[in-house]
Amino acid sequence: RWVSQLASMRPEHLLKHAAIFNNQPGVCAACAHRLGKPGQLGADCMRDMVKLNMMTVNVTCACLDRILAREAHVDLLVVDAEGFDDQVLLQYPHARLPASTIVYESTHLSREVRIHTASVLSSLGYTCGKGSASDCSKTNEHVVWFRNNGTK
């Protein structure tokens, strides 16, 4: 059921998940059996499942500044924007409302973007939870940064 929760601004990002469903003869056979059509679905019946079920949905957008306008303090900022995490982090009002801890997903960010993001966060007074900023720029997963205030 998780596949119905995939979302991205980029269709090519969604299509990367399609490989999970390639060559699933057991799944296709089980599905055919449940549908009362044993042997009628090919071993690659799910090959185009993601592509055939992609849809465009209009969503309401809001500027991060507007959302945070009434906030006095942010303890934890978690960003998971499917490849746009750096853009959210760069738009965040760090000077006015520094978050105590920042967590973001770097999985879909290029090496260059990870390095730039680490550099920006370091310059804003954050320390990488994995060690140095260089260590954080090398990781391809969720990254944790702590505001330098003497505690982690």
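Residues numbered from 1 in each chain as written. Predicted model: local features only at pLDDT ≥ 70, side-chain atom pairs only at ≥ 80, totals over all residues. Heavy atoms only, no water.

Peer 1: Which residues make up the sheet that holds strand 4 (residues 142-147), and what values go with them?
Peer 2: On the basis of which strands lie adjacent, the open sheet formed by four strands has the order 1-2-4-3 and mixed pairing. Looking at strand neighbours, the two that pair on one side only are strand 1 (74-79) and strand 3 (126-128), the edges of this open sheet. Geometrically, the sheet is characterised by an average inter-axis angle of 20 degrees between neighbouring strands, direction not taken into account. As paired elements, strand 1 and strand 2 (residues 99-105) share five bridges and run parallel to each other. Along strand 2, the bridge assignment pairs Leu77 with Ile102. (Pairing = 2+ DSSP bridges. Helix = DSSP H or I, 4+ residues; strand = E, 2+ residues; numbered from the N terminus. Axes fitted to C-alpha atoms, helices over the stretch in contact; angles between N-to-C directions.)

Peer 1: Describe helix 6 (residues 111-123), naming the residues involved and giving the relevant values.
Peer 2: Its 13 residues place the ends of helix 6 18 Å apart at the C-alpha level, agreeing with the 18 Å of an ideal helix rising 1.5 Å per residue. Of all the positions in helix 6, only Arg114, Thr117, Ala118 and Leu121 are classed as buried. Looking straight down helix 6, one finds its buried side chains confined to an arc of 100 degrees; they lie on one side. Exposed side of helix 6, more than 90 degrees from the buried face: Glu112 and Ser123 are the residues found there. Along its buried surface, helix 6 packs onto helix 5 (85-91), strand 2, strand 3, helix 7 (133-138) and strand 4. Once helix 6 ends, the next one or two residues include Gly125, with phi positive near 95 degrees. (Expected span 1.5 Å × (residues − 1). Buried < 20%, exposed > 50% of the residue type's maximum accessible area, 1.4 Å probe, protein only. Arc of directions from axis to C-beta. Contact = heavy atoms within 4.5 Å.)

This is a description of form; function is not addressed.
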